[in-house]
Amino acid sequence: AIRSLFLKNILCGMLIFLVTSTLSECDCLANSAQTCCSDWNYPSKNASQDLTSLCNSAPIIFGCGISRACASKSISGPACDAFPLISNICWDMSAANLTLSDCDNYNRLCSPLDTAVAQCTSQGPLPHVLTTAKAKSDIISLCSMEMKSCHLCSDNSGRSCNCANLGSGGCTIVPPASLLSVLSAICMEMEMDECTAFFEMCDSLPSGNNFGSLCHKQVQTPTSGSKQMCNGQGIVMFASGIKAITTNSDMCVAFIFENWLLDTPGKHVAAVIGTLLLGVVTQLLESISSNQRHSFWQGKVSVACVVKKCDVI
């Protein structure tokens, strides 16, 4: 009996030793280059905790805007999982040479060039995702012109301020608004050169991710019997000048009024003809008005000359 108990203790000790050594070998946070880390994933609970802490500490970060849009269902898809979200944020911080303690675990896993953690690639940052610095710079530049969407920023007292002053004089973006939502609203209002990086991010979203109206990809149902030429979102001008709209992912030109969208070939033709007729009518009215003014003043001169007995040539 004593021998049996002794053998059991030995076997139990060996088993504990094997389990402990296996776990220590696959401590991917300590050494992410281990082969056994290739199938290891960072626990989603830990990722969610890191994400919450990061966005509470620095809500202005561009990736936190993506997170809030996910929470409000404005964005859906794999990009809304916790690990891809902290990937966006921690990559952004690294690009800016900034450190946040809640990125420590992510950096241990994914920063080493020889990391074996496949999750760092399969759930890494979105392609062409904007950095916080880039998004702020584009918003400030865009808002050097007066646009309605440029007043989505607010100061410390909650009053609206022009986003051209973002980062100075207390002008900031208060949640639930974000760099993402403000930049989206501005670029929807008027597509300028500073929107190029934003639309590049939208156009390169991996399959399965849907940024909805934030990326202007909502397509309205075409009118019966007509060919849809654009995505149903209006724009007053293109910074690049005249643009041939050929796909339903492009924005629609708004003609005269905000809701008059040229989204079919027929409407484009009607707008061109209407513009020409408007010019003709304007000139006709100007001509009539000019003739009336001439007749009026000619009559005044004639009356004055009758009174003063002058010669009218």
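These numbers were taken from a predicted model, which means no experiment stands behind them.

Caption draft 1: Molecular detail of the overall build of the protein chain. Helix and strand counts for the protein chain come out as 10 helices and five strands. By the burial criterion, 34% of the 313 residues in the protein chain qualify as buried. Once local pairs closer than 6 in sequence are excluded, the contacts in the protein chain between residues at least 24 apart make up 58%. Carbon and sulfur atoms provide 60% of the accessible area of the protein chain, an area that totals close to 18600 Å².

Caption draft 2: Main features of the state of the cysteines. Counted under the stated rule, the structure contains 11 disulfides. Each disulfide pairs two cysteine sulfurs, and for Cys153 the partner residue is Cys163, the sulfurs being separated by 2.0 Å. Judged by the torsion about the S-S bond (110°), the Cys153/Cys163 disulfide is right-handed. Of this pair, Cys153 sits in strand β1 (residues 153-154) while Cys163 is found in the loop between β2 (160-161) and α8 (179-189), placing the two residues 10 residues apart along the sequence. Cys153 sits in the buried class, given a relative accessible area of 1%. The disulfide bridge from Cys161 ends at Cys171, spanning 2.1 Å between sulfur atoms. Measuring handedness by torsion sign, the sulfur bridge of Cys161 and Cys171 sits at about 90° and is right-handed. Of this pair, Cys161 sits in strand β2 while Cys171 sits in the loop between β2 and α8, and the two are 10 residues apart along the sequence. Overall, the relative accessible area of 5% leaves Cys171 in the buried class.

Caption draft 3: A look at a nonpolar patch on the surface. A grouping of Ile256, Phe257, Trp260 and Leu278 is seen on the molecular surface, where their side chains present a nonpolar patch of about 460 Å² in accessible area. Looking at the element boundaries, Phe257 is found in the loop between β4 (252-254) and β5 (261-262).

Caption draft 4: Structural detail: helix α9 (residues 196-203). Considered for burial, the residues of α9 that qualify are Ala197, Phe198, Phe199, Met201 and Cys202. Its buried side turned inward, α9 meets α3 (62-71), α7 (132-142) and α8.

Caption draft 5: Local environment of the side chain of Ser32. As for its position among the elements, Ser32 is in the loop between α1 (2-25) and α2 (44-57). At 3.3 Å, the side chain of Ser32 forms a polar contact with the backbone oxygen of Arg108. The residues touching Ser32, leaving out its near neighbours within four places in the chain, are Cys37, Arg108, Leu109, Pro112, Thr115, Ala116 and Val117.

Caption draft 6: View of the pattern of salt bridges. By the definition in use, this model includes two salt bridges. A salt bridge links Lys134 to Asp138; its shortest N-O distance comes to 3.3 Å. Remark: Asp138 and Lys134 occur in helix α7; sequence separation between them is four residues, near one turn of the helix. Residue class for Lys134 comes out partly exposed when judged on its relative accessible area of 37%. Under the relative-accessibility criterion, Asp138 is labelled buried at 4%. Between Arg159 and Asp155 there is a salt bridge whose closest N-O contact spans 3.5 Å. The class of Asp155 is buried, set by a relative accessible area of 17%.

Caption draft 7: Representation of the packing of aromatic side chains in the model. Per the stated rule, a full pass over the model turns up four aromatic pairs. Residues Phe198 and Phe199 carry aromatic rings whose centres are separated by 5.5 Å and whose planes lie at 65° to one another, so their mutual orientation is edge-to-face. No difference in accessibility class separates Phe198 from Phe199, as the two residues are buried. A connected cluster of aromatic rings, assembled from ring pairs, spans Trp40, Tyr42, Phe83 and Tyr106.

Caption draft 8: Local environment of the confidence of the model for the protein chain. In this model, the protein chain carries a mean pLDDT of 82, and residues with pLDDT of at least 70 account for 75%. Here α1 stands out as the least confident element of the protein chain, with mean pLDDT 57; α3 is the most confident, with 96. Here residues 19-24 scores under 50 on pLDDT; set against residues more than four positions off or in separate chains, the count is one contact. Contacts of residues 217-226 to residues separated by more than four positions or lying in other chains number 17 contacts, the stretch itself having pLDDT below 50.

Parameters and conventions
Residues numbered from 1 in each chain as written. Predicted model: local features only at pLDDT ≥ 70, side-chain atom pairs only at ≥ 80, totals over all residues. Heavy atoms only, no water. Helix = DSSP H or I, 4+ residues; strand = E, 2+ residues; numbered from the N terminus. Buried < 20%, exposed > 50% of the residue type's maximum accessible area, 1.4 Å probe, protein only. Contact = heavy atoms within 4.5 Å. Areas by Shrake-Rupley, 256 points an atom, 1.4 Å probe, with all protein chains shown as cover. Disulfide = S-S within 2.5 Å. Patch = residues over 30% accessible without salt bridge, like charges linked within 9 Å, V, L, I, M, F, W, Y side chains within 5 Å. Salt bridge = Lys/Arg side-chain N within 4 Å of Asp/Glu carboxyl O. Polar contact = N/O pair within 3.5 Å; in protein donor to acceptor, adjacent residues only side chain to side chain. Phe/Tyr/Trp six-rings, centres within 6.5 Å; stacked < 30°, edge-to-face > 60°. pLDDT = per-residue confidence, 0-100.

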